[in-house]
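# Working through the structure, step by step
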There are 2 protein chains.
Amino acid sequence: MQLALLFSGGKDSSLVALLLRDFYDVTLYTAHFGVTDDWKHAKKTADNLNLPFKRLELDEDVIYNAAETAISDGYPRNAIQFLHTTALEQLAEQDVDAIADGTRRDDRVPTISRAQAQSLEDRHDVDYVTPLQGFGRNAVDRLVDSQLDVVTGPSEEIPRADYEAELRAAIAESSGMEAIPEVFPDHEQTYVKGRR
Amino acid sequence: MQLALLFSGGKDSSLVALLLRDFYDVTLYTAHFGVTDDWKHAKKTADNLNLPFKRLELDEDVIYNAAETAISDGYPRNAIQFLHTTALEQLAEQDVDAIADGTRRDDRVPTISRAQAQSLEDRHDVDYVTPLQGFGRNAVDRLVDSQLDVVTGPSEEIPRADYEAELRAAIAESSGMEAIPEVFPDHEQTYVKGRR
């Protein structure tokens, strides 16, 4: 069975890749919007995990709309949620039996409800699997420690290919660098170099 | 990391065993109450899956209380929920790093909410992992087809070690055989013989 996994190169989606690789033919898809080439960080992790990699090319308008939302909100939550659901809808259009992502039980954003998951499956005739919905923060951290080789540091210094990298760039382009700290408070992020 | 998986020999808990076996030292625990020896069906499946097996011995009072509830309700839902949460609490008392069960995203019973999962983890200092919370019915069915060797048939003809087998026996003992069809409508069940 072919499975397309929405992949950022972060610990959650990397862990999902490991959990599913013996059960599906997994291809890693990294969403990007043509604003930066941060998707290359995810490709590097994908190569280290020895899994096939594809870009999921989304329209540039999507990220600029998200940037507008984030600036007007003063926080990135709704923007990230919009980017994730848009990416999932396009992922479900790929010619695969199943799609997956790294959303966790405790995630505050993005979140996909059971009803949304069922709707995505029904409309696209695809299975949507999210194994980390059954894992809390501690369980994920312990599995990451035992399975993955990671680097952790402040958000802007860690090479990543999640939505935040391109969202920061889109915000800077539309509203200047000074708008970024207004939207994103400092926080630690993790980049996966490969498997232990 | 040591993990105790609540195991019935059915397809859901068998699939969880396969999903987790490369990430944890998995031991399969089958709950039983001393009323029947249906736990032996689960041991057979555990042997075929080549995983260590233990009995999780629960007090006989628990199943008779559940039988009373089921008879008075006229359906088994609340009784099954009570048995499952009681079993999970006792499983969490084992000397392990994590516990797990086979509950699915679409299950109507038993269900464990996020808040209940968090509470279980906090009170027992254990991770509670439920990978099938991220899988719908179709996804589970397709994985079972590709991974497991199963038999399907009417509930009373399929050898099983879930709560229902002992609950039926406890109902028969306390209220007679004629009480069983009043609580359990006919439905198909699945028994896992082993891996494909």
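Everything below is about the structure printed above this text.
The present account deals with the structure reproduced in this document. (Residues numbered from 1 in each chain as written. Chains lettered and ligands numbered in written order. Predicted model: local features only at pLDDT ≥ 70, side-chain atom pairs only at ≥ 80, totals over all residues. Heavy atoms only, no water.)

### Quick notes on the interface of chain A and chain B
If you look at the interface, chain A gives 29 residues, while chain B gives 29 residues. The contact between chain A and chain B buries some 2,600 Å² in all, and 52% of this surface belongs to carbon and sulfur atoms. Counting the surface chain A buries against chain B, the share from its top three residues, Phe23, Arg105 and Arg114 of chain A, is 27%. Remark: the boundary between chain A and chain B carries four salt bridges. Where arginine 142 of chain A meets aspartate 127 of chain B, a salt bridge forms, and the shortest distance between an N and an O atom there is 3.4 Å. Taken together, the connections running from chain A to chain B amount to 12 residue pairs in polar contact (both at pLDDT 80 or more). Counting residues per element, the ones that place at least two in the side of chain A that touches chain B are α1 (11–20), α5 (114–124), β5 (127–129) and α6 (137–147) of chain A. Of the residues forming the side of chain A that touches chain B, the biggest block, six residues, is contributed by α6 of chain A. Tallied by class, residues from the side of chain A that touches chain B come to 13 nonpolar, seven polar and nine charged. (Contact = heavy atoms within 4.5 Å. Buried area = accessible area lost by both parts, 1.4 Å probe. Salt bridge = Lys/Arg side-chain N within 4 Å of Asp/Glu carboxyl O. Polar contact = N/O pair within 3.5 Å; in protein donor to acceptor, adjacent residues only side chain to side chain. Helix = DSSP H or I, 4+ residues; strand = E, 2+ residues; numbered from the N terminus. Nonpolar A, V, L, I, M, F, W, Y, C, P; charged D, E, K, R; others polar.)

### Points about the sheet that holds strand β3 (residues 53–57) of chain A
All names here are of chain A. Here five strands make up an open sheet; going across it, the order is β3-β2-β1-β4-β5 and the pairing parallel. Across the chains shown, the open sheet's two edge strands, defined by having one partner strand only, are β3 and β5. Neighbour to neighbour, the strand axes of the sheet diverge by 30 degrees on average, direction disregarded. In the sheet, strand β2 (residues 25–32) pairs with β3 via five bridges, with the strands oriented parallel. In the sheet register, threonine 30 faces β3, and the bridge partner there is arginine 55. In the packing of α1 onto the sheet, contacts are made with β1 (2–6), β2, β4 (98–100) and β5, and the angle to β1 comes to roughly 165 degrees. (Pairing = 2+ DSSP bridges. Axes fitted to C-alpha atoms, helices over the stretch in contact; angles between N-to-C directions.)

### Considerations on unusual backbone geometry
Omega for the bond connecting valine 109 of chain A with proline 110 of chain A falls within 30 degrees of zero, at -10 degrees, which places this linkage in the cis form. Inspection of the secondary structure assignment puts proline 110 of chain A in the loop between β4 and α5. In this structure, aspartate 125 of chain A is a non-glycine residue whose phi angle is positive, near 50 degrees. One can find aspartate 125 of chain A in the loop between α5 and β5. Phi angles above zero are rare outside glycine, and asparagine 50 of chain B is one such case at about 65 degrees.

### Examining α5 of chain A
Because an α-helix packs 3.6 residues into every turn, residues spaced three or four apart end up facing the same way. Residue and element names in this part refer to chain A. Taken residue by residue, α5 has Ala117, Leu120, Glu121 and His124 as its buried positions. The arc enclosing the buried residues of α5, seen along the axis, measures out at 95 degrees, which places them on a common side. Counted as exposed and oriented over 90 degrees from the buried face of α5: Ala115 and Asp122. Where α5 is buried, its residues touch α4 (77–91), β4 and β5. (Buried < 20%, exposed > 50% of the residue type's maximum accessible area, 1.4 Å probe, protein only. Arc of directions from axis to C-beta.)

### Some details on the sheet that holds strand β3 (residues 53–57) of chain B
Residues and elements named next belong to chain B. Strands sit in the order β3-β2-β1-β4-β5 across an open sheet of five strands; the sheet is parallel. In this open sheet, the two strands that pair with only one neighbour each are β3 and β5 (127–129). Here the average twist between neighbouring strands, direction ignored, is 30 degrees. Where strand β1 (residues 2–6) and strand β4 (residues 98–100) come together, three bridges link them in parallel fashion. If you follow leucine 5 over to β4, its bridge partner there is alanine 100. Those strands touched by helix α1 (residues 11–20) are β1, β2 (25–32), β4 and β5, and its axis lies near 165 degrees from that of β1.

### Details of the nonpolar core
Note that soluble globular proteins tend to have their nonpolar side chains buried in a common cluster. Judged by nonpolar contacts, the single largest core of 62 residues is most densely connected at Tyr24 of chain A together with Tyr24 of chain B. Excluding its chain neighbours within four sequence positions, the residues that come into contact with tyrosine 24 of chain B are Phe135, Ala139 and Leu143 of chain A together with Met1, Leu3, Ala98 and Val129 of chain B. (Core = buried A, V, L, I, M, F, W, Y, C linked by side-chain atoms within 4.5 Å.)

### Considerations on the relation of the copies chain A and chain B
Expressed as a screw operation, the relation of chain A to chain B combines 0.0 Å of axial shift with a rotation of 180 degrees, fitting to an RMSD of 0.0 Å. Read as a symmetry element, the transformation amounts to a two-fold axis. In terms of proximity to the rotation axis, the leading residue of chain A is proline 131 of chain A, whose C-alpha is 2.4 Å off the axis. In this assembly the copies share their binding face: 100% of the residues contributing to the interface of chain A also contribute to that of chain B. (Least-squares fit on C-alpha atoms with pLDDT ≥ 70 in both.)

### Notes on the pattern of salt bridges
Tallied over the entire structure, the rule returns 20 salt bridges over all chains. Arginine 168 of chain A serves as the salt-bridge partner of glutamate 164 of chain A, at 3.0 Å between the closest nitrogen and oxygen. Of this pair, glutamate 164 of chain A and arginine 168 of chain A both sit in helix α7 (residues 163–175), four residues apart, which is roughly one turn of the helix. Across the pair, arginine 168 of chain A and glutamate 164 of chain A agree in class, each one buried. For aspartate 106 of chain B, the salt bridge identified is with arginine 105 of chain B, shortest N-O distance 3.3 Å. With a relative accessible area of 6%, arginine 105 of chain B lands in the buried category.

### Brief notes about the packing of aromatic side chains
When we look at a pair of aromatic rings, we describe it by the centre distance and by the angle of the planes. All names here are of chain A. Under the definition given, this model contains two aromatic pairs over all chains. Between the aromatic rings of tryptophan 39 and phenylalanine 53, the centroid separation amounts to 6.2 Å while the plane-to-plane angle is 20 degrees, which identifies the pairing as stacked. A residue pair is termed long-range when its members are at least 10 positions apart, and tryptophan 39 in helix α2 (residues 39–49) and phenylalanine 53 in strand β3 qualify at 14 residues. On the accessibility criterion, tryptophan 39 (14% relative accessible area) is buried. When the ring centre of phenylalanine 184 is taken as reference, the NZ or CZ atom of arginine 168 above it lies at 4.7 Å. (Phe/Tyr/Trp six-rings, centres within 6.5 Å; stacked < 30°, edge-to-face > 60°. Lys NZ or Arg CZ within 6 Å of the ring centre and 35° of its normal.)

Taken by themselves, the reported measurements are silent on function.
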